[in-house]
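# A closer look at the structure
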Amino acid sequence: MKRLLLLSMLLLSLLGSTGAGWAQGTWRDLPPEERRQMRQQMREQWHQDRDVRREDHGRRWQEVPPDERRRMREEMREQRGWQEYRDGRSGRGGRRD
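Note that this is a predicted model, so its numbers are computed, not measured. (Residues numbered from 1 in each chain as written. Predicted model: local features only at pLDDT ≥ 70, side-chain atom pairs only at ≥ 80, totals over all residues. Heavy atoms only, no water.)

### A short note on the overall build of the protein chain
The condition is simple: Think of it this way: any DSSP run of H or I at least four residues long counts as a helix, any run of E at least two long counts as a strand, and we number them from the N terminus. Burial classes follow relative accessibility: with a 1.4 Å probe on protein chains only, a residue under 20% of its type's maximum area counts as buried, one over 50% as exposed, and anything between as partly exposed. Method for areas: the Shrake-Rupley scheme with a 1.4 Å probe, in which residue coverage is limited to the protein chains shown.
Broken down by element type, the protein chain carries three helices and zero strands. Listed by position from the N terminus, the elements making up the protein chain come as α-α-α. Within the protein chain, the fraction of its 97 residues that count as buried is 3%. Of the roughly 9,500 Å² of accessible surface on the protein chain, a fraction of 55% belongs to carbon and sulfur atoms.

Quick look at the structure:
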């Protein structure tokens, strides 16, 4: 049973790597103009995704109550201070005696 499982996993992994190689080969077979268009479409999609994430992040932060935001900032400052102390730095450019 273990041998059958091992052989099937080996076969699947070989088929998976072959599929990935074939997919990359087809990308290179596209004419230069089509590749340019595809890259442009990908850039536009990335810009849209980035803009959506930026807008969403701002809204989510505004939905957090002010007291909770203040508490989170203080926790982050404490963690940063502890990390600087642990790394041998105390504060911002301060001397450690």
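Still to come is the rest of the account.
### With respect to the pattern of salt bridges
Rule in force here: Whenever Lys or Arg places a side-chain nitrogen within 4 Å of a carboxyl oxygen from Asp or Glu, that contact is recorded as a salt bridge.
For the structure on display, the rule yields four salt bridges. Across the pair arginine 36 and glutamate 33 runs a salt bridge, and its minimum N-O distance is 2.7 Å. Here the residue arginine 36 and the residue glutamate 33 both occupy positions in helix H2 (residues 32–63), the gap between them amounting to three residues, near one helical turn. The class for arginine 36 is partly exposed, based on a relative accessible area of 45%. The exposure class of glutamate 33 is partly exposed, given its relative accessible area of 45%. In this structure, aspartate 67 engages arginine 70 in a salt bridge whose closest nitrogen and oxygen atoms are separated by 3.1 Å. You can see aspartate 67 and its partner arginine 70 sitting in helix H3 (residues 66–86), three residues apart, about one turn around the helix. A relative accessible area of 43% places arginine 70 in the partly exposed class. One salt-bridge network, held together by shared partners, links Glu68, Arg71 and Glu75.

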